[in-house]
2 protein chains.
Amino acid sequence: MMRELKVELGERSYPIYIGEGLLNDASSYFAKHGISAKSPLLIITDEHVAPHYLDALVQNLSAGGFQAASAVVPAGESSKSLQMLEGLVTKALEAGLDRKSAIVALGGGVVGDLAGYVAASYMRGVKFVQIPTTILAHDSSVGGKVAVNHPLAKNIIGAFHQPEFVLYDLKTLQSLPPRDVAGGLSEVVKHGLIWDAEFVAWCDANAAKLLSLDPEALGYALYKGCGVKANVVSQDEKENSLRAILNLGHTIGHALEAVAGYNELQHGEAISIGMIGSAKLGVRYGAPQEVYTVTKRVLERCGLPVVLPRHFDVDAVMSAMMHDKKFAEGTMVFIVPTAIGKVEIKSDVPVDWVREIVEELKLEVQR
Amino acid sequence: MMRELKVELGERSYPIYIGEGLLNDASSYFAKHGISAKSPLLIITDEHVAPHYLDALVQNLSAGGFQAASAVVPAGESSKSLQMLEGLVTKALEAGLDRKSAIVALGGGVVGDLAGYVAASYMRGVKFVQIPTTILAHDSSVGGKVAVNHPLAKNIIGAFHQPEFVLYDLKTLQSLPPRDVAGGLSEVVKHGLIWDAEFVAWCDANAAKLLSLDPEALGYALYKGCGVKANVVSQDEKENSLRAILNLGHTIGHALEAVAGYNELQHGEAISIGMIGSAKLGVRYGAPQEVYTVTKRVLERCGLPVVLPRHFDVDAVMSAMMHDKKFAEGTMVFIVPTAIGKVEIKSDVPVDWVREIVEELKLEVQR
């Protein structure tokens, strides 16, 4: 079964195709979307993904009349740098990419962010195609946020650059390690929590299928997750207001990532703990208790951490949060649930409350 | 007298203000255009311009309630690098620039391109204000093309990022060295040659006033030059077709710049020789002889070179041109005048003709 979803952004609208084995038909999607076969393409991927899918993609495109060069970058966040951008532009020049060429991201969020920024910058912007190979990337493949890091700040150098289309081949997810499956589901559940109570209930009931990578369940979950994000982004492409709700769980989550040791907490895991914190905050503001109990249950069922490991230092977490751009004197901006599937943006959350909640997260019964 | 010109680009439209002493009133222009006084600004300038105008601008903005940090980069093309971008983002972070901040370019084309790209990239795009201090910058201050260089190619990493407004203070031009005055007039005349025969006649008659920096003549010339460019850019912001006519003289010109020794030919000088070449090509295609004679006369009157110094190697010039992206097998794309004030885009100019014309440029009577 192939699902198709349209991200509505006026003349920058684009479709997301989700289905099994779509990569076997890659070149026809490129042709259908008017990617020029006369101009060379550049596929950017990482050393984890390349051995699995790169050759097949290059061959498929080649059989379809496309000329595809490729660049393989080291896996991980450190590849999102200006140095890497310069190297990839060298590659693009050497491969003869012109203004009608497209840059293709084959991989997870890091590859998407990096390749997208190359596409946004090369010759002041060329076409961009996303082929995500992780569940987590369903989030970054919608909305056109692309960026590299600066030594002092993540994602601070970037652009809004929408792809021509997104090709989500569910088969590429079968090789994901279990921890990456759960981590990806964290953002899927988040999309339910901010927008769609019914979808949260569905995740709650189908978590086991998702963890076992059942293709039908996975296709539906990605379709729904991408759909929520597409809805939000359509209404606020440049994050002037509404788009901020996508940050549910991210203020605490980012601080935990900053404080955690290397590889101790993945992004999805940190966000999961952050969403538990947001749920607690919601209840404190008067939301029904089920906002907390359901949030906790669904995340646990998805194999995600819902408590803060005891060795985390609350002061360090708070201090990391204070450096977050969402902070202002004595209060903080938080995305706060009011019910399952509903959130509001609160700009005056007392810092004291946040500290108390971070402390509570440590005191929860540890598994 | 203050002239105002609107660059029509839908929701990205912006005005250009041209007049004497406008910098004395800088903060009111910032306020009028909704630049936030709560968020710090970053002024980017170079070491040649800073001693003349930076302190006054900072003080004026400060008196108007704005908080302005500044960064001074070395003068010259080598500042348009990714390394410089990284350093300027460090500066922006240290100064606390947020998403409502503006980046201000105070200087010529290099500073405008660099600061514009910082503005396009920082936090995925913040506001941008241009304060050009050269005549040549009238060209780059219209149209939103911003970029840095890559070791293998100029302007290859960039964006389209339109400013909020352009503040052209004619007083800042009084300190320009004579060679930069003439060089800047080259692009002014180009704008006449592609669009406006009457304005070419005016330049021909008023060249002496322009060279002596007569404020009224200069204000009019910049108003007309910016006006032509604004017209072209309004019809084709992303250079899909019409915008290419702005490249009159640039194919030969860029090749001359590439071959010339350091500081031997400035951009405007190289373009001047290139436009003579284009005029010759036009006549060869059947344009009236005056296309050549008038083009040559007006450029000479503006103090620009119109012949190729004898020591230039024709093979080297041709080879540099072949690396230009406008080249395709055996033929080249050229902007060719059909009359004074009218050009067409020819995509099948024989390379042999171009070579003959480059040879002729050397054989012209040398001054």
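Owing to the predicted nature of the structure, the values given are computational and were not obtained by experimental measurement.

A. Quick look at the relation of the copies chain B and chain A. Relative to chain A, chain B is turned by 180 degrees and slid 0.0 Å along the rotation axis, the superposed coordinates differing by an RMSD of 0.0 Å. The relationship between the two copies is best expressed as a two-fold rotation axis. Minimal C-alpha separation from the rotation axis in chain B is found for Leu82 of chain B, amounting to 3.4 Å. A share of 100% of interface residues in chain B that are also interface residues in chain A marks the association as one of identical surfaces.

B. Looking closely at empty space enclosed by the protein. Residue and element names in this part refer to chain B. Applying the stated criterion across every chain yields a total of seven cavities of 30 Å³ or more. Looking at the largest cavity, its volume works out to about 50 Å³. Every residue along the wall of the largest cavity is listed here: Leu193, Leu248, Met275, Val291, Thr295, Pro337, Ala339 and Ile340. Looking at the lining of the largest cavity, the elements that each hand over two or more residues are helix 11 (290-301) and strand 11 (331-339). Class assignment of the residues belonging to the lining of the largest cavity gives a composition of seven nonpolar, one polar and no charged.

C. Structural view of the UniProt feature "binding site: Zn(2+)" (unreviewed entry) in chain A. Residue and element names in this part refer to chain A. The UniProt record annotates "binding site: Zn(2+)" (unreviewed entry) at Glu187, His250 and His267. Taken along the chain, the residues just named run across 81 residues; in space they keep tight, none of their C-alpha pairs more than 10.3 Å apart. With respect to the helices, strands and loops of the structure, Glu187 is situated in helix 6 (residues 178-195). When near neighbours in sequence (up to four residues on either side) are disregarded, Glu187 contacts Leu136, His138, Asp139, His250, His267 and Ile271. By the secondary structure assignment, His250 is in helix 9 (residues 250-259). Assessed through its relative accessible area of 6%, His250 is described here as buried. Not counting residues up to four positions away in its chain, the partners in contact with His250 are Glu187, Lys190, His267 and Ile271. There is a polar contact of 2.9 Å between the side chain of His250 and the backbone oxygen of Leu248.

D. Structural detail: the sheet that holds strand 1 (residues 3-7) of chain A. Residues and elements named next belong to chain A. Within the open sheet, the seven strands sit side by side as 1-2-9-6-5-3-4. Their pairing is mixed. The sheet is open, and its two borders are formed by strand 1 and strand 4 (68-73), each paired with just one other strand. Going from strand to strand, the sheet's axes swing by 15 degrees on average, the running direction of each strand aside. Examined bridge by bridge, strand 2 (residues 14-19) and strand 9 (residues 165-169) share four bridges and lie parallel to one another.

E. Spatial organisation of the interface of chain B and chain A. Listed as interface residues are 30 residues of chain B and, on the opposing side, 31 residues of chain A. Carbon and sulfur atoms supply 59% of the area buried between chain B and chain A, which totals about 2,600 Å² over both sides. Together, Glu86, Arg124 and Ile156 of chain B form the three largest contributors to the area buried by chain B at its contact with chain A, with a combined 28%. The salt bridge involving Arg99 of chain B is made with Glu239 of chain A; its shortest N-O contact spans 4.0 Å. Scanning the region where chain B abuts chain A turns up 17 residue pairs in polar contact (both at pLDDT 80 or more). When residues of the side of chain B that touches chain A are traced back to their parent elements, those giving at least two are helix 3 (82-94), helix 4 (109-121), strand 7 (145-150) and strand 8 (153-160) of chain B.

F. Here's a closer look at the domain arrangement of chain A. Residue and element names in this part refer to chain A. Parsing chain A into structural domains produces domain 1 (3-175) and domain 2 (178-363). Between the C-alpha centres of domain 1 and domain 2 there is a distance of 27 Å. Contact residues are listed per partner, giving 25 residues for domain 1 and 28 residues for domain 2. Taken over both partners, the interface formed by domain 1 and domain 2 buries close to 2,400 Å², and the fraction arising from carbon and sulfur atoms is 66%. Between domain 1 and domain 2 we count five salt bridges in total.

G. View of the UniProt feature "domain: 3-dehydroquinate synthase N-terminal" (unreviewed entry) in chain A. Per the UniProt record, the feature "domain: 3-dehydroquinate synthase N-terminal" (unreviewed entry) sits at residues 72-181 of chain A. Structurally, residues 72-181 of chain A comprises 31% helix and 30% strand, and the distance from its first C-alpha atom to its last is 23 Å.

H. View of the packing of aromatic side chains. Residues and elements named next belong to chain A. All chains considered together, the criterion is met by 18 aromatic pairs over all chains. Aromatic pair Tyr17 and Tyr29: ring centres 4.7 Å apart, planes at 55 degrees, arrangement tilted. You can see Tyr17 sitting in strand 2 and its partner Tyr29 sitting in helix 1 (residues 26-32), a full 12 residues away along the chain. The exposure class of Tyr17 is buried, given its relative accessible area of 1%. Assessed through its relative accessible area of 9%, Tyr29 is described here as buried. Three or more aromatic residues link up through ring pairs in this structure, and these residues are Tyr17, Tyr29, Phe30, Phe66 and Phe165. Above the ring of Trp353, the side-chain terminus of Arg284 is found at 4.6 Å from the ring centroid.

I. Spotlight on the pairing of strand 12 (residues 342-350) of chain A. Residue and element names in this part refer to chain A. Strand direction decides the pairing type here: strand 11 (residues 331-339) and strand 12, joined by seven bridges, are antiparallel. When the bridges of strand 12 are listed, Ile335 appears paired with Ile345. Hairpin connection between strand 11 and strand 12: a loop of two residues separates the two successive antiparallel strands, and Gly341 in this loop has a positive phi of roughly 90 degrees.

J. Structural context of the pattern of salt bridges. Residue and element names in this part refer to chain A. Under the criterion given, the structure shown has 38 salt bridges over all chains. In this structure, Asp113 and Lys80 form a salt bridge, with 2.8 Å as the shortest nitrogen-oxygen distance. On the criterion of sequence distance, the pair formed by Asp113 in helix 4 (residues 109-121) and Lys80 in the loop between strand 4 and helix 3 (82-94) is long-range, its members being 33 residues apart. The pair Asp113 / Lys80 is uniform in exposure class, with both members buried. Salt bridges linked by common partners bring Glu77, Lys80, Asp113 and Lys154 together as one network.

K. Molecular detail of the sheet that holds strand 3 (residues 41-46) of chain B. All names here are of chain B. Strand order in this open sheet of seven strands is 1-2-9-6-5-3-4, and the pairing throughout is mixed. Of all strands in the sheet, those bounded by a partner on one side alone are strand 1 (3-7) and strand 4 (68-73). In this sheet, neighbouring strand axes are inclined to one another by 15 degrees on average, regardless of whether the strands run parallel or antiparallel. One ladder, built from six bridges, connects strand 3 with strand 4; its direction is parallel.

L. Focus on the environment of Glu360 of chain B. Residues and elements named next belong to chain B. Here Glu360 lies in helix 13 (residues 351-363). You can call Glu360 partly exposed: its relative accessible area is 33%. The spatial distance from the C-alpha of Glu360 to the C-alpha of Lys280 is 9.1 Å, given a sequence separation of 80 residues. Not counting the four nearest positions on each side in its chain, Glu360 is found in contact with Lys280 and Arg284.

Procedures and definitions
Residues numbered from 1 in each chain as written. Chains lettered and ligands numbered in written order. Predicted model: local features only at pLDDT ≥ 70, side-chain atom pairs only at ≥ 80, totals over all residues. Heavy atoms only, no water. Least-squares fit on C-alpha atoms with pLDDT ≥ 70 in both. Contact = heavy atoms within 4.5 Å. 1 Å grid on protein atoms, 1.4 Å probe; cavity = no way out; pocket = protein on both sides within 12 Å on 5 of 7 lines; lining within 4 Å. Points joined across faces, edges and corners; volume = space filled by probe spheres on them. Helix = DSSP H or I, 4+ residues; strand = E, 2+ residues; numbered from the N terminus. Nonpolar A, V, L, I, M, F, W, Y, C, P; charged D, E, K, R; others polar. UniProt positions renumbered as here; feature names shortened; annotations may be inferred. Buried < 20%, exposed > 50% of the residue type's maximum accessible area, 1.4 Å probe, protein only. Polar contact = N/O pair within 3.5 Å; in protein donor to acceptor, adjacent residues only side chain to side chain. Pairing = 2+ DSSP bridges. Axes fitted to C-alpha atoms, helices over the stretch in contact; angles between N-to-C directions. Buried area = accessible area lost by both parts, 1.4 Å probe. Salt bridge = Lys/Arg side-chain N within 4 Å of Asp/Glu carboxyl O. Domains from an automatic or database assignment. Phe/Tyr/Trp six-rings, centres within 6.5 Å; stacked < 30°, edge-to-face > 60°. Lys NZ or Arg CZ within 6 Å of the ring centre and 35° of its normal.

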